[in-house]
Amino acid sequence: SAIQLRKYAEALNIANTGSNKFAENATFKQLGLWSAVETEKYDEAISIAEKYMQMKGDKNATDYTYYGKALLGAKKFQEAIAQFEKAMEVDNKAVEPLAKISEAYTGLNNPDKALEYSELYMQKNPNATPSDYVKMAEIYNAKAQKGGNDKAANVNKAISVYNSFAAKYPQL
């Protein structure tokens, strides 16, 4: 299928054609949501998600996560957080929503909550990527740049994150 081959624009066209022919088919809506997010067509993804979420049938954590990603991409941070929380209610082992909640709090200029969720994500995700470490360190750096009494502590925490990154990925 187009989505498995990461041909998201093609998958979105297929989903839209299918949704037009079979309006009550949830699979076309789901495919459309995922593909619209992957092609960064966030407004379209939100429109599809609103219809899809009202359709009969269970929704999985991935569905809520993609809806949250669409909202996050559209800078609707509070709404995105609500969808990511729903994803974690459906699957308490899901880790991606934690990282996305951190991004949403960063967008809301709430670095303390962003760090809280970034740290949870890193603790629960044994497959954290180099970019995950960098994102977390960047939050500490941003806090340090604001100055204040915690400046040195935030610099040290950022350095600690980079050290953890270096230990996990010595080949980089």
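Everything here concerns the structure above.
The structure presented is a predicted model; accordingly, all values stated were derived computationally and were not measured. The written sequence of each chain sets the order in which its residues are numbered from 1. Given that this is a predicted model, residues contribute local features only at a pLDDT of at least 70 and side-chain atom pairs are listed and counted only at 80 or more, while totals for whole chains, interfaces and linings are drawn from all residues. Side-chain figures throughout are based on the complete set of non-hydrogen atoms in the structure, without hydrogens or water.

Chemist: For this particular structure, what's the right way to read helix H5 (residues 77-90)?
Modeler: Secondary structure elements are taken from DSSP: a helix is a run of H or I of four residues or more, a strand is a run of E of two residues or more, and numbering for both begins at the N terminus. Here, expected helix span is obtained from the residue count minus one, scaled by 1.5 Å. For H5, spanning 14 residues, the distance from its first C-alpha to its last is 20 Å, which sits close to the expected 20 Å at 1.5 Å a residue. Only protein chains enter the accessibility calculation, which uses a 1.4 Å probe. A residue is then buried if its area is under 20% of the maximum for its type, exposed if over 50%, and partly exposed in between. Turning to H5, its buried residues number three or more, namely Phe77, Ala80, Ile81, Gln83, Phe84 and Ala87. Relative to the axis of H5, the buried residues are bounded by an arc of 165 degrees and lie together on one face. Facing away from the buried side of H5 by more than 90 degrees, the exposed set consists of Gln78 and Glu89. We call two residues in contact when some of their heavy atoms are within 4.5 Å. If you follow the buried residues of H5, they end up packed against helix H4 (61-73) and helix H6 (96-107). This arc is built from the directions going out from the helix axis to the C-beta atoms.

Chemist: Sorry if this is basic, but what is going on with H4 here?
Modeler: Spacing of three or four residues puts side chains on the same side of an α-helix, whose turn is 3.6 residues. Compared with an ideal rise of 1.5 Å per residue, which puts 13 residues at 18 Å, H4 spans 18 Å between its outermost C-alpha atoms and is within 8% of the ideal. In terms of residue burial, H4 counts as a mostly covered element, since 11 of its 13 residues are buried. The complete set of buried residues in H4 reads Ala61, Asp63, Tyr64, Thr65, Tyr66, Tyr67, Gly68, Lys69, Ala70, Leu71 and Leu72. Polar contact is defined as a pair of N or O atoms within 3.5 Å, subject to the rule that within protein one atom must be able to donate a hydrogen and the other to accept it, and that residues adjacent in sequence are counted only when both atoms are side-chain atoms. If you check the start of H4, you find a side-chain oxygen 2.9 Å away from the backbone N of Thr62, and it comes from Asn60. Following H4 by one or two positions, Lys75 adopts a phi angle in the positive range, close to 65 degrees.

Chemist: Is there a simple way to explain the nonpolar core in this structure?
Modeler: Across soluble globular proteins, nonpolar side chains show a tendency to be buried alongside one another. In these notes, a set of buried Ala, Val, Leu, Ile, Met, Phe, Trp, Tyr and Cys residues joined through side-chain atoms within 4.5 Å is what counts as a nonpolar core. With 39 residues, the main nonpolar core has Leu33 and Tyr133 as its most contacted residues. Core analysis: the second largest hydrophobic core is formed by five residues, Tyr8, Ala11, Ala15 and Leu31 among them.

Chemist: Got a minute to help me understand the packing of helix H1 (residues 8-21) against helix H2 (residues 26-38) in this structure?
Modeler: How two helices sit against one another is set out by the angle between their axes and by the gap between those axes. Angles shown run from 0 to 180 degrees and are taken between the N-to-C directions of axes, each axis being a line fitted to C-alpha atoms and, for helices, limited to the stretch in contact. Between H1 and H2, the least distance of the axes is 8 Å, while the angle of their chain directions is 150 degrees. The two elements H1 and H2 cross, and the hand of that crossing is left-handed. Along its contact with H1, which presents Tyr8, Ala11, Leu12, Ile14, Ala15, Gly18 and Ser19, the element H2 presents Phe28, Lys29, Leu31, Gly32, Ser35, Ala36 and Glu38. In the scheme used here, Gly and all other residues not listed as nonpolar or charged are polar, with Ala, Val, Leu, Ile, Met, Phe, Trp, Tyr, Cys and Pro taken as nonpolar and Asp, Glu, Lys and Arg as charged. In terms of residue class, the contact of H1 with H2 is built from eight nonpolar, four polar and two charged. Two helices crossing with the near one rotated counterclockwise from the far one by less than a right angle form a left-handed crossing, whereas a clockwise rotation gives a right-handed crossing.

Chemist: Sorry if this is basic, but what is going on with the layout of surface pockets here?
Modeler: In the cavity and pocket records, a cavity denotes points on a 1 Å grid over the protein atoms alone where a 1.4 Å probe fits but cannot get out, a pocket denotes an open set with protein on both sides within 12 Å along at least 5 of 7 lines, and lining residues are residues with an atom within 4 Å of a point. Grid points are joined across faces, edges and corners, and a volume is the space filled by probe spheres set on the points. Looking at the largest pocket, its volume works out to about 200 Å³. Lining the largest pocket, in full, are Ala99, Ser102, Glu103, Thr106, Ser118, Tyr121, Asp132, Lys135, Met136, Glu138 and Ile139. Per-element accounting of the lining of the largest pocket gives the leading share, five residues, to helix H8 (residues 130-145). Partitioned by chemical class, the residues of the lining of the largest pocket number four nonpolar, three polar and four charged.

Chemist: Can you walk me through the packing of helix H3 (residues 42-54) against H4 in this structure?
Modeler: Contact pair H3 / H4: the axes reach a minimum separation of 8 Å and the direction vectors enclose 145 degrees. Where H3 crosses over H4, the two elements pack in a sense that is left-handed. For the pair H3 and H4, the contacting residues are Tyr42, Ala45, Ile46, Ala49, Glu50, Tyr52 and Met53 in the first and Asp63, Tyr64, Tyr67, Lys69, Ala70, Leu71 and Gly73 in the second. Here the contact of H3 with H4 is composed, by residue class, of 10 nonpolar, one polar and three charged.

Chemist: How should I be thinking about the side chain of Gln83 in this particular structure?
Modeler: Mapping Gln83 onto the fold places it in helix H5. What makes Gln83 buried here is its relative accessible area of 8%. With near-sequence residues (within four places) excluded, Gln83 lies in contact with Tyr64, Tyr67, Gly68 and Leu71.

Chemist: Sorry if this is basic, but what is going on with the packing of aromatic side chains here?
Modeler: Think of a pair of aromatic rings as described by two things: how far the centres are apart, and how the planes are tilted against each other in angle. To pair, rings of Phe, Tyr and Trp, with the six-membered ring standing in for Trp, must have centres within 6.5 Å; the planes then decide the type, stacked if under 30 degrees apart, edge-to-face if over 60, and tilted in the middle. Evaluation of the coordinates by the stated rule reveals six aromatic pairs. Seen from their ring centres, Trp34 and Tyr66 are 5.5 Å apart, and the 25 degrees between their planes marks the pair as stacked. With a gap of 32 residues between them, Trp34 in helix H2 and Tyr66 in helix H4 connect regions that are remote in the sequence. Counting every residue linked through ring pairs, the aromatic cluster contains Tyr133, Phe165 and Tyr169. Cation placement over rings: the criterion is NZ of Lys or CZ of Arg within 6 Å of the ring centroid and within 35° of the ring normal. The side chain of Lys59 reaches across the aromatic face of Tyr52, ending 4.9 Å from its centre.

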